[in-house]
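So you can see what is in the structure, the chains are spelled out below.
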Amino acid sequence: MVKPIQVVVTGASGFVAKNLRKYLSENDVNLISISRNNFRTYKNEQKIISKDYKEKFILNKIKNSNALIHLVGIGKQSVEIDYEMINVELTKHIVNLAKKAKIKKIVYNSGLGVSSKTSVGYFISKYKAEKIIVNSGLNYTIFRPSYIVGKDDLFTKFLKKQIKIKTIEIPGSGQYSIQPIFINDVVKILFQSITEKKFGNKIIDLVGSEYLTFEKYVKLFCRGNKIKIKKVNLENTYYNAINNKKSNFGIDDLNILVGDFKGNYNQLEKISQIKFESVVELLKSGRLL
Ligand SMILES: NC(=O)c1ccc[n+]([C@@H]2O[C@H](COP(=O)([O-])OP(=O)(O)OC[C@H]3O[C@@H](n4cnc5c(N)ncnc54)[C@H](OP(=O)(O)O)[C@@H]3O)[C@@H](O)[C@H]2O)c1
């Protein structure tokens with residue numbers, strides 16, 4: 001009998017992790033999932049609850065797993081928790097844990113737009129995390145995702161809320177573009193990356209085939225319902241992001257949107273051989289609502 005593979009997932013309660021754990025569990029992968037808070041487990045899943053990923057508490061439990069998928073990350077910072085602590089230092093700690101636990105493969109979600117030339121704080125931290133992983137000696141797959149769309153992602157939830165009040169506010173002109181990818185495709189690719197050799201030691205854009213303006217995306221999301229689309233002055237939106245912790249868009253959310261990043265979809269399609277779901281069709285179908 002073939003021995004089932006065992007995979008460690010960090011940041012287990014996050015949007016990508018939740019969808020991924022369900023998919024891996026359905027595909028008979030043994031899971032060891034780590035989160036700061038309690039959560040419900042799937043079939044073949046052990047949970048570890050840890051606020052700080054302390055070695056003493058974790059190392060023995062994850063020893064000799066086949067792969068570790070590191071999904072901890074933040075996209076907004078504060079005085080208490082900043083990018084350097086979580087995106088950089090915690091990644092360094094997780095890489096060391098993986099090495100000590102004799103786990104040979106690590107998978108990481110960086111971000112579309114990360115490059116050595118970036119001046120955006122969020123991307124700089126992801127760039128540093130990428131370097132730590134690339135230089136670790138572990139077999140790695142680093143993905144650079146654009147916006148990952150699902151029923152339960154933050155932006156979808158935010159749009160649904162605004163639909164209820166019949167007005168959706170969009171920052172600035174809305175003419176900058178995004179290249180969304182559906183979470184159901186993302187989890188398949190993450191699974192491939194731990195089982196197929198061709199993903200080894202690669203950095204791959206995780207993007208959909210369609211590149212559309214933010215305004216078009218929002219209009220498709222509304223599906224012809226009578227929702228007012230209100231364009232909010234970009235200066236005001238940045239002002240809010242800078243001065244109000246609870247603003248809908250964080251500073252780096254806006255930087256990413258305005259940055260208009262486009263990824264290499266052809267490379268992803270070629271390596272995964274997956275026929276991706278069209279996000280435009282997905283929006284038209286109303287399956288996200
Ligand atoms: N979703 C996207 O469109 C997108 C796009 C580009 C890149 N990414 C990257 O993909 C990864 C997963 O994204 P996601 O959308 O699933 O994000 P998410 O829902 O915010 O989940 C991230 C998880 O990170 C953990 N975390 C956050 N702050 C932490 C802290 N201070 N200490 C320890 N753990 C902490 C939490 O896990 P627990 O609550 O379980 O502790 C949280 O649920 C992230 O690295 C993100 O940057 C996502």
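As a reminder, the structure under discussion sits directly above these lines.
Because the structure is a prediction, the values reported are computed rather than measured. (Residues numbered from 1 in each chain as written. Predicted model: local features only at pLDDT ≥ 70, side-chain atom pairs only at ≥ 80, totals over all residues. Heavy atoms only, no water.)

Asker: Explain the pattern of salt bridges here, please?
Answerer: Close approach of charged atoms allows side chains with opposite charge to pair. A full pass over the atoms with the stated rule returns 15 salt bridges. One salt bridge in this structure joins Lys230 and Glu169, with 3.6 Å as the shortest N-O distance. On the criterion of sequence distance, the pair formed by Lys230 in strand β13 (residues 228-232) and Glu169 in strand β8 (residues 167-171) is long-range, its members being 61 residues apart. By relative accessible area, Lys230 is classed as partly exposed at 37%. Given the relative accessible area of 34%, Glu169 is considered partly exposed. Via salt bridges that share partners, Glu215, Lys219 and Lys231 belong to a single interconnected network. (Salt bridge = Lys/Arg side-chain N within 4 Å of Asp/Glu carboxyl O. Helix = DSSP H or I, 4+ residues; strand = E, 2+ residues; numbered from the N terminus. Buried < 20%, exposed > 50% of the residue type's maximum accessible area, 1.4 Å probe, protein only.)

Asker: Honestly, the site of the ligand in this entry has me stumped. Any pointers?
Answerer: Contacts to the ligand come from 22 residues, most closely from Ser13, Val16, Ser35, Arg36 and Ile148. Measuring from an oxygen atom of the ligand, one finds a backbone N or O atom of Gly14 at 3.2 Å. Contacts to the ligand include Val72, whose backbone N or O atom sits 3.5 Å from an oxygen atom. In isolation the ligand offers 880 Å² of accessible surface; the protein chains occlude 81% of this area. When residues of the shell around the ligand are traced back to their parent elements, those giving at least two are α1 (15-26) and α4 (121-134). Grouping the amino acids of the shell around the ligand by side-chain chemistry returns twelve nonpolar, eight polar and two charged. (Near = heavy atom within 4 Å. Polar contact = N/O pair within 3.5 Å; in protein donor to acceptor, adjacent residues only side chain to side chain. Areas by Shrake-Rupley, 256 points an atom, 1.4 Å probe, with all protein chains shown as cover. Nonpolar A, V, L, I, M, F, W, Y, C, P; charged D, E, K, R; others polar.)

Asker: Any chance you could explain helix α3 (residues 83-100) here in plain terms?
Answerer: In an α-helix, one full turn covers 3.6 residues, which means residues spaced three or four apart are oriented alike. Across its 18 residues, α3 extends 25 Å between first and last C-alpha, which sits within 8% of the 26 Å expected from 1.5 Å per residue. Here α3 has its buried residues at Tyr83, Ile86, Asn87, Val88, Leu90, Thr91, Ile94, Val95, Leu97 and Ala98. Those residues of α3 hidden inside the fold are in contact with β1 (6-10), α2 (55-62), β4 (67-70), β5 (105-109), α4 and α9 (251-259). Among the residues trailing α3, Lys102 stands out with phi positive, at a value near 60 degrees. (Expected span 1.5 Å × (residues − 1). Contact = heavy atoms within 4.5 Å.)

Asker: Would you mind showing me how to read the packing of aromatic side chains here?
Answerer: Pairs of aromatic rings are described using the distance from one ring centre to the other and the angle between the two planes. For the coordinates displayed, the defined rule picks out 13 aromatic pairs. Residues Tyr147 and Tyr217 carry aromatic rings whose centres are separated by 5.9 Å and whose planes lie at 70 degrees to one another, so their mutual orientation is edge-to-face. Placement of Tyr147 in the loop between β6 (139-145) and β7 (148-149) and of Tyr217 in helix α7 (residues 214-222) is noted, with a sequence separation of 70 residues between them. Judged by centre distance (6.1 Å) and plane angle (40 degrees), the rings of Phe155 and Phe158 are tilted. In this pair, Phe155 and Phe158 both sit in helix α5 (residues 154-164), three residues apart, roughly one turn of the helix. (Phe/Tyr/Trp six-rings, centres within 6.5 Å; stacked < 30°, edge-to-face > 60°.)

Distances and angles like these do not, on their own, reveal function.
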